[in-house]
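# A closer look at the structure
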Amino acid sequence: MIKIEETSKGFSENEGVNYENTLIFTLHHKPNKLIVEAHLPEKRTYEYIFDDLGNPKEINSYVVDTNNTWLHKKTTFNILYNE
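Let us look at the structure shown here. (Residues numbered from 1 in each chain as written. Predicted model: local features only at pLDDT ≥ 70, side-chain atom pairs only at ≥ 80, totals over all residues. Heavy atoms only, no water.)

This next bit is on the overall build of the protein. Each helix and strand counted, the protein has 0 helices and 6 strands in total. Taken from N to C terminus, the helices and strands of the protein fall in the order β-β-β-β-β-β. Against the globule reference of 12 Å for 83 residues, the protein gives a C-alpha radius of gyration of 17 Å, more extended than a compact globule. With respect to the three principal axes, the spread of C-alpha positions in the protein is 60 × 35 × 25 Å. The buried share of the protein, reckoned over its 83 residues, is 22%. Relative to all contacts within the protein whose residues are 6 or more apart in sequence, the contacts with residues 24 or more apart total 7%. For the protein, the accessible surface area stands at approximately 6,600 Å², while carbon and sulfur atoms represent 50% of it. Of the charged side chains in the protein, 9 are positive and 13 negative, and the gap between their average positions amounts to 6 Å. (Helix = DSSP H or I, 4+ residues; strand = E, 2+ residues; numbered from the N terminus. Rg over C-alpha atoms; globule rule 2.2 N^0.38 Å. Buried < 20%, exposed > 50% of the residue type's maximum accessible area, 1.4 Å probe, protein only. Contact = heavy atoms within 4.5 Å. Areas by Shrake-Rupley, 256 points an atom, 1.4 Å probe, with all protein chains shown as cover. Lys, Arg positive; Asp, Glu negative; His and termini not counted. Charge placed at Lys NZ, Arg CZ, Asp CG, Glu CD.)

This part takes up unusual backbone geometry. The backbone phi angle of N32 is positive, close to 60°, even though this residue is not glycine. Checked against the element boundaries, N32 lands in the loop between β2 (16–30) and β3 (33–39).

Right, let's get into the pairing of strand β1 (residues 3–12). Pairing of β1 with β2, which is carried by 10 bridges, proceeds in the antiparallel orientation. Counted as the bridge partner of I4 is F25 from β2. (Pairing = 2+ DSSP bridges.)

A few words on the pattern of salt bridges. Tallied over the full model, the rule gives 3 salt bridges. One salt bridge connects K33 with E47, and the closest N-O pair in it is separated by 3.4 Å. One end of the pair, K33, is in strand β3; the other, E47, is in strand β4 (residues 43–50), and 14 residues separate them in sequence. With relative accessibility at 26%, the residue K33 sits in the partly exposed group. Under the relative-accessibility criterion, E47 is labelled buried at 13%. A salt bridge links E42 to R44; its shortest N-O distance comes to 3.8 Å. (Salt bridge = Lys/Arg side-chain N within 4 Å of Asp/Glu carboxyl O.)

Pairing within the open sheet is antiparallel, and its 6 strands lie in the order β1-β2-β3-β4-β5-β6. Either end of the sheet is taken by a strand with one partner, and the two such strands are β1 and β6 (69–76). Pairwise comparison of adjacent strand axes, ignoring direction, gives a mean angle of 20° for this sheet. Sheet topology note: the strand β5 (residues 56–64)/β6 ladder contains 7 bridges and is antiparallel. Counterpart to E58 in the pairing with β6 is T76. (Axes fitted to C-alpha atoms, helices over the stretch in contact; angles between N-to-C directions.)

Interpretation in functional terms is not warranted from these geometric data alone.
What follows is the structure, given as structure tokens:
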């Protein structure tokens, strides 16, 4: 899977369709990393980083503007393993 397209509609009983939205998500796979480009009302990039066992290690959220990309949120997981 490399692309997801989501279409949603809002309805009201009296007026029928109030709105219709289409969201596009593009996926890129790299070693120990999944990158999701989200075309929402604003463009975002999500970077999921995994350890060598495939467990989530970090999630980074970037806002993509016309001139630059900046880190919006960083979530880091500390995974404890049984010995």
